[in-house]
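Observations on the three-dimensional arrangement
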Amino acid sequence: MAIIGMIAVNVGPRGVDGILGTLYDLPLGRASLLFMLLAGVGTSIMTRSVRAPSGASMPWRILLWRAALLLVGGLALQLAGHEASVILPLYGLLFIACLPLLKAPGWLLAALSGASLVLGPLVWLAVRRGSDAFQVTEPTLLDPPAEILGGILFTGSYPLVVWAAPFLIGMLLGRLDLRNPALHRRLVLWGAVAAVGAYLLSQLLILVLGAPGRTVGLDRLVSATAHSQMPLWLVSSSGAALFVLGLCLMGERFASRHLSVLATTGRLSLTVYVGHLLALAVIVRPGPGSLAEGILVTAVLCTAAVAFSWLWTRRFQTGPLEILLRLPPRKTTSERNG
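Residues numbered from 1 in each chain as written. Predicted model: local features only at pLDDT ≥ 70, side-chain atom pairs only at ≥ 80, totals over all residues. Heavy atoms only, no water.

Labelled according to an unreviewed UniProt entry, the protein chain appears under the name DUF418 domain-containing protein, originating from Citricoccus nitrophenolicus.

Pasting the structure below:
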C-alpha cells in the first residue's frame with residue numbers, strides 16, 4: 001500500500017480539483033510517512049536479538065553498510081530526471097542515528113519521538129524562517145558534504161529533525177507483539193482518531209486564526225497540509241499510518257490467502273522504488289499532463305511492479321537490489337594474506 005501510494009504521488013499531477021483529484025491526492029504526505037513508520041518497525045524486528053537476555057552483539061556493521069548504500073545510492077538517484085524527492089538518504093542517516101537507541105528502553109524512544117514531534121517542527125521553523133515554505137533543496141551526490149547534511153536535516157522534502165518522529169514510533173511498535181489482536185484494534189481506533197482529529201483541529205484553527213502564508217513563520221503551526229512539516233500534519237499522517245498498519249495486521253489471514261501477490265511486491269520494495277523512479281525519468285517525464293493520464297500511468301507502473309515482483313520471487317528469495325543490502329562476507333585471514 002505504501003508503494004502504490006508513493007507511485008501515485010510521484011507520478012502526479014497533484015492538486016486537481018474534484019472528488020477524483022482529492023482521492024488521487026490522498027496518499028500525498030501519507031505514503032512516505034507510512035514507509036518511515038515501517039522502516040522503524042523493521043529496524044526493531046531486525047535487531048531484536050540485541051535486546052534478548054542472551055545479549056547478542058550489536059549489528060552495527062550491517063546497519064552501517066545499509067546506511068552507506070542508501071545514502072550514496074539515494075543521493076545519486078536524485079540526479080535522475082524523475083522530478084521526485086528521493087527519501088533514501090534520510091533512511092541512510094536514520095540507520096546511523098538509531099545505533100545508540102537499539103538497546104534503549106521503550107520510554108526513551110517514546111520521549112524522543114514526542115520531542116521530534118513537538119520540537120522538530122520548531123527547529124525546522126527556526127532554520128527556514130522567512131523562506132518560501134514550499135521551496136525545498138534536495139541534496140545530490142554532487143553537492144558538498146555540508147550541503148548534503150543540511151539538506152537531509154533541514155531543507156529537503158524529508159527533514160530528519162521532523163521525520164525522526166514516525167521512525168522512532170515505528171521502532172517502539174516493532175518491540176511490541178504485532179500478532180496481538182488487541183493491539184490491532186488500538187492501532188485502528190487511535191490511528192483514525194489521530195488522523196481525523198488533528199486534521200479537524202487544523203481546520204478549526206485556520207478558521208479562527210486565518211490560513212498561513214507562503215513564507216515560513218509561526219503562523220504555519222496551524223497547518224496540517226501534506227509535507228508542511230508541522231505537528232498537526234505529523235500527528236494526522238502518523239495516525240493514518242498507524243490505522244493502515246493496524247488494518248493490515250487485522251486482515252493478515254485474509255491477505256495471506258488472497259493478496260499474497262501484493263506481499264511479494266512489498267518484499268521487493270527497494271527494487272520497485274528505484275525502478276519506478278527510473279521509469280519516470282526515462283519514459284514518463286515530462287508529464288503526465290492530465291489526471292486521467294496520471295491515473296493510467298500509475299496503474300501501469302503498479303501493475304508492472306506487482307507482476308515483476310511475483311515473477312521474480314517465484315525463482316529468487318531476494319530482490320535484485322535487496323541483495324545489495326546484505327553485508328558482504330568478511331575475508332578470512334588466509335584470503336587477506338593472499
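Picking up where we left off.
1. Thoughts on the UniProt feature "domain: DUF418" (unreviewed entry) in the protein chain
In the numbering used here, UniProt assigns the feature "domain: DUF418" (unreviewed entry) to residues 186–326. The span residues 186–326 carries 71% helix and 0% strand; its end-to-end C-alpha distance comes to 35 Å. (UniProt positions renumbered as here; feature names shortened; annotations may be inferred. Helix = DSSP H or I, 4+ residues; strand = E, 2+ residues; numbered from the N terminus.)

2. Quick word on unusual backbone geometry
Looking along the chain, the bond that leaves Gly12 and enters Pro13 is cis, with omega of -5 degrees. By the element assignment, Pro13 lies in the loop between α1 (2–11) and α2 (19–24). Of the consecutive residues Arg285 and Pro286, the connecting peptide bond is found in the cis state with omega at -5 degrees. Relative to the assigned elements, Pro286 resides in the loop between α13 (269–284) and α14 (291–315). Even without being glycine, Glu83 reaches a positive phi, approximately 65 degrees. Residues other than glycine seldom take positive phi values, yet Gln229 does so here, at roughly 65 degrees. Inspection of the secondary structure puts Gln229 in the loop between α9 (181–209) and α10 (231–250).

3. A few points about the side chain of Ser157
Along the chain, Ser157 turns up in the loop between α7 (145–155) and α8 (160–173). Of note is the side chain of Ser157, whose polar atom sits 2.8 Å from the side chain of Ser85. When neighbours within four sequence positions are excluded, Ser157 is seen to be in contact with Ser85, Val136, Glu138, Trp163, His227 and Gln229. (Polar contact = N/O pair within 3.5 Å; in protein donor to acceptor, adjacent residues only side chain to side chain. Contact = heavy atoms within 4.5 Å.)

4. Details of the state of the cysteines
Going through the model one piece at a time under the given rule, you end up with zero disulfides. Not part of a disulfide, Cys248 finds its nearest cysteine sulfur in Cys302, a span of 15 Å. With a relative accessible area of 38%, Cys248 lands in the partly exposed category. Here Cys302 falls in the buried class, since its relative accessible area comes to 13%. (Disulfide = S-S within 2.5 Å. Buried < 20%, exposed > 50% of the residue type's maximum accessible area, 1.4 Å probe, protein only.)

5. Section: the packing of aromatic side chains
One pass over the structure, following the stated rule, counts five aromatic pairs. Measuring from centroid to centroid gives 5.0 Å for Tyr158 and Trp163, while their planes differ by 90 degrees, and the two rings are edge-to-face. The interplanar angle of 35 degrees and the centroid separation of 4.5 Å between the aromatic rings of Trp312 and Phe316 together place this pair among those described as tilted. Taking relative accessible area as the criterion, Trp312 reaches 23% and is therefore assigned partly exposed. Members of the aromatic cluster, connected to one another through ring pairs, are Tyr158, Trp163 and Trp233. (Phe/Tyr/Trp six-rings, centres within 6.5 Å; stacked < 30°, edge-to-face > 60°.)

6. A few points about the pattern of salt bridges
On inspection of all chains with the given rule, the structure shows three salt bridges. The partner of Arg285 in a salt bridge is Glu83, and the shortest N-O contact between them spans 3.8 Å. Here Arg285 is found in the loop between α13 and α14, whereas its partner Glu83 is found in the loop between α4 (60–77) and α5 (88–97), with 202 residues between them in sequence. Judged by relative accessible area, which is 62%, Glu83 ranks as exposed. Taking the shortest distance from any N to any O, the salt bridge between Glu252 and Arg179 comes out at 3.6 Å. Of this pair, Glu252 sits in helix α11 (residues 252–258) while Arg179 sits in the loop between α8 and α9, placing them 73 residues apart in sequence. Judged by its relative accessible area of 64%, Arg179 falls in the exposed class. (Salt bridge = Lys/Arg side-chain N within 4 Å of Asp/Glu carboxyl O.)

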